[in-house]
Amino acid sequence: DTEVTQTPKHLVMGMTNKKSLKCEQHMGHRAMYWYKQKAKKPPELMFVYSYEKLSINESVPSRFSPECPNSSLLNLHLHALQPEDSALYLCASSQGLAQGKRSYEQYFGPGTRLTVT
Amino acid sequence: DAKTTQPPSMDCAEGRAANLPCNHSTISGNEYVYWYRQIHSQGPQYIIHGLKNNETNEMASLIITEDRKSSTLILPHATLRDTAVYYCIVRVARGGDKIIFGKGTRLHILP
């Protein structure tokens, strides 16, 4: 199984709502990532988790709150978002973090298309 | 991290080889060259990566120049399904793993 799954596929939420995005992989990968992609732009890294611990936070606003409850699951909790947060949110996983001469490719899910109204 | 420069778009006839160039003149010795592609409305897909030797897999070949300042991704027999945005990325192999996507090349395969 080389698949990263993301739910929901589409989400529309108001600025006062609280919602969560879910990402799951069963490849035994120990690193998981959240990216944000605006229309016609490349993906931008938001968070990196390694062995269920937050490794990188790319100065993401606190209205985005990641959580990694176990090695297969990654959540992104959303609260008080703004319309400019509307984007495709991509999850990825890799066998581990790159170290020394060892580097691992990332496998991406299909994304959740989020619209904030 | 080193930056990459790619042409914004390219066309290729179906069945021909698609050669996508990437310039990474500031690459350092421990940085890998990675290629991903993103088909419309899908997540990015890993294609291939290399450090200094040329690499080949079932999807593509990667040719890295001897000075490592540029590389070319080759899709040997392009099909319509290869229409996508192709990203060339240089990636540092150290803890705190980051992929920084550039603008990529939009490849159109023409029937």
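A quick note: this is a predicted structure, and the numbers were derived from the prediction, not measured.

Notes on the confidence of the model for chain B
Of the residues in chain B, 93% reach a pLDDT of 70 or more, and the chain-wide mean stands at 91. Averaged over each element, pLDDT in chain B is lowest for strand S8 (residues 84–92) of chain B (89) and highest for strand S6 (residues 61–64) of chain B (98).

Notes on the interface of chain B and chain A
Listed by partner, the interface residues are 23 residues for chain B and 27 residues for chain A. Summing both partners gives a buried area of about 1,800 Å² for chain B against chain A, and 54% of it is carried by carbon and sulfur. Across the contact surface, chain B and chain A share zero salt bridges. Seen at the junction of chain B and chain A, the total is two residue pairs in polar contact (both at pLDDT 80 or more). Counting residues per element, the ones that place at least two in the side of chain B that touches chain A are strand S3 (31–38), strand S4 (45–50) and S8 of chain B. Sorting elements by how many residues they give to the side of chain B that touches chain A places S3 of chain B first, with four residues. Within the side of chain B that touches chain A, the residues separate by chemical class into 10 nonpolar, eight polar and five charged.

Considerations on the environment of Ala17 of chain B
Structurally, Ala17 of chain B can be placed in the loop between strand S1 (9–13) and strand S2 (18–23). Separated by 60 residues in sequence, Ala17 of chain B and His77 of chain B place their C-alpha atoms 5.0 Å apart.

So, the sheet that holds strand S3 (residues 18–25) of chain A
All names here are of chain A. Pairing is antiparallel in the open sheet, where four strands are placed in the order S1-S3-S8-S7. Edge positions in the open sheet fall to strand S1 (4–7) and strand S7 (64–70), since each of these has one partner strand only. Across the sheet, the mean angle from the axis of one strand to that of its neighbour is 20°, orientation sign disregarded. Note that S1 and S3 share four bridges and pair antiparallel. Pairing of Gln6 across the sheet is with Cys23, part of S3.

Some words on the pairing of strand S9 (residues 87–94) of chain A
All names here are of chain A. Most of S9 is tucked away: eight of the eight residues are buried. As paired strands, strand S4 (residues 31–37) and S9 are joined by seven bridges and run antiparallel to one another. Looking across to S9, one finds that Ala31 is bridged to Ser94. Across three bridges, S9 lies against strand S11 (residues 112–116) in antiparallel orientation. Bridge pairing in S11 places Leu88 opposite Arg113. Summarising the sheet, S9 and strand S10 (residues 107–108) pair through two bridges and their orientation is antiparallel. Paired with Ser93 across the bridge in S10 is Tyr107.

Parameters at a glance
Along each chain, residues carry numbers from 1 onward, in the same order as the chain's sequence is written. The lettering of chains begins at A and the numbering of ligands begins at 1, in the order of writing. Per-residue local features are limited, in this predicted model, to residues with pLDDT of at least 70; the limit for side-chain atom pairs, both in listing and counting, is 80 or more; totals at the level of whole chains, interfaces and linings are taken over all residues. In computing side-chain values, all of the structure's heavy atoms are included and hydrogens and water are not. For every residue, the predictor assigns a confidence score, pLDDT, that lies between 0 and 100. Helix numbers and strand numbers start at the N terminus; a helix is a DSSP run of H or I with at least 4 residues, a strand a run of E with at least 2. Contact between two residues is taken to exist if any of their heavy atoms lie within 4.5 Å; hydrogens are not considered. Accessible area that two parts lose when put together, evaluated with a 1.4 Å probe and summed over both, is termed the buried area. Throughout this description, the term salt bridge denotes a Lys or Arg side-chain nitrogen within 4 Å of a carboxyl oxygen of Asp or Glu. Pairs of N or O atoms within 3.5 Å make up the polar contacts considered here, provided that, within protein, one atom can donate a hydrogen while the other can accept it, and that residues adjacent in sequence are counted only when both atoms are side-chain atoms. Side-chain classes follow a simple rule in which Ala, Val, Leu, Ile, Met, Phe, Trp, Tyr, Cys and Pro form the nonpolar group, Asp, Glu, Lys and Arg form the charged group, and the remainder, Gly included, forms the polar group. Two strands make a pair as long as DSSP finds a minimum of two bridges between them. Axes here mean lines fitted to C-alpha atoms, for a helix over just the part in contact, with angles spanning 0 to 180 degrees between N-to-C directions. When accessible area is computed with a 1.4 Å probe and restricted to protein chains, residues below 20% of their type maximum are described as buried, those above 50% as exposed, and intermediate ones as partly exposed.

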